[in-house]
Amino acid sequence: MPDWKNIDTVLLDMDGTLLDLHFDSYFWLEFLPLRYAQIHQLQPGEARAWLHERILQEQGTLNWYCLDYWTEQLNVPITSLKREIAERICFRPHVQDFLQALETAGMRRVIVTNAHRDSLALKIEKTGIDRLVDRVISSHDFRFPKESQDFWVNLQQIEPFDPQRTLLVDDSLAVLASAQQYGIRYLLSILQPDSQADPRAITEFPSIDHFTEVMPNT
């Protein structure tokens, strides 16, 4: 349980934390390979294997998350393709209640996401998630992913927070490690970011299944 009386700011990842990661998993692992194969007249299995290897080359970099980069590299309209399956975008359980409880408790709620602004815009359109928090910040605005220390330096310049009185909730262990290195005191991970995948075994950081486990007393 976070020490809520000593927390002023809650930084919240979006995909896999507030929203079900299944939309993104399905898009990159299933839907994109199929549409890529159709567009470029390839066998689906061949397209899937090549795309998986190519995308992994950018893991941990801003390119990994950049829709402009992949549109150019793959010669397919990534944002338009995402819109084709936008009905799959949805909240994880109890998210709205958790965000409301944070507001009632007087804490500042800031989404910090590696999502590209086009992807972010689509998810805001479908969920209205921006209206449930105080601010939404994309790492693309800084040109550094959350895995980089430069992200946190830039974040603190535009969104001042006391690292010792801040909680970060994120499904990425690499991002949590980066935040820990920067000095953020309270860290929380998500056991099952993708509702259609098995829960993970996490030992590096405190973790939860649903936000009902850590609701602040209001």
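Rules behind the numbers
Residues numbered from 1 in each chain as written. Predicted model: local features only at pLDDT ≥ 70, side-chain atom pairs only at ≥ 80, totals over all residues. Heavy atoms only, no water. Phe/Tyr/Trp six-rings, centres within 6.5 Å; stacked < 30°, edge-to-face > 60°. Buried < 20%, exposed > 50% of the residue type's maximum accessible area, 1.4 Å probe, protein only. Helix = DSSP H or I, 4+ residues; strand = E, 2+ residues; numbered from the N terminus. Lys NZ or Arg CZ within 6 Å of the ring centre and 35° of its normal. Axes fitted to C-alpha atoms, helices over the stretch in contact; angles between N-to-C directions. Parallel < 35°, antiparallel > 145°, perpendicular 65-115°, else oblique. Left-handed = near helix turned anticlockwise from the far one by under 90°. Contact = heavy atoms within 4.5 Å. Pairing = 2+ DSSP bridges. Arc of directions from axis to C-beta.

Draft legend 1. Representation of the packing of aromatic side chains within the structure. The full count for this structure, using the stated rule, is 11 aromatic pairs. Their ring planes at 90° and their centres at 5.1 Å tell us that F27 and W28 sit as a pair that is edge-to-face. Take F27 and W28: they sit in the same class, and that class is buried. Note on W28 and W70: the rings are 6.5 Å apart at their centroids and 65° apart in plane angle, and the pair reads as edge-to-face. Here W28 is found in helix α1 (residues 22-40), whereas its partner W70 is found in helix α3 (residues 67-74), with 42 residues between them in sequence. The positively charged end of K82 is found above the aromatic ring belonging to F27, 5.5 Å away from the centroid.

Draft legend 2. How the structure looks around the packing of α1 against helix α2 (residues 44-56). Close contact between α1 and α2 brings their axes to 8 Å; oriented N to C, the two are set at 120°. In terms of axis orientation, α1 runs oblique to α2. Read as a crossing pair, α1 and α2 show a hand that is right-handed. Contact with α1, carried on its side by W28, L29, E30, L32, P33, Y36 and A37, involves P44, A47, R48, W50, L51, H52 and I55 of α2 and no other residues of that element.

Draft legend 3. Region of the structure containing the pairing of strand β1 (residues 9-12). Neither face of β1 is exposed, since T9 and L11 on one face and V10 and L12 on the opposite face are all buried. Pairing between β1 and strand β2 (residues 108-113): 4 bridges, direction parallel. Bridge pairing links L12 to I111 in β2. Across 4 bridges, β1 lies against strand β4 (residues 166-169) in parallel orientation. Counterpart to V10 in the pairing with β4 is L167.

Draft legend 4. Structural context of helix α6 (residues 117-127). Every buried residue of α6 is listed here: S119, L120, L122, K123 and T127. When α6 is viewed along its axis, its buried side chains cluster within an angular range of 160° and face the same direction. Just downstream of α6 lies G128, where phi reads positive at about 65°.

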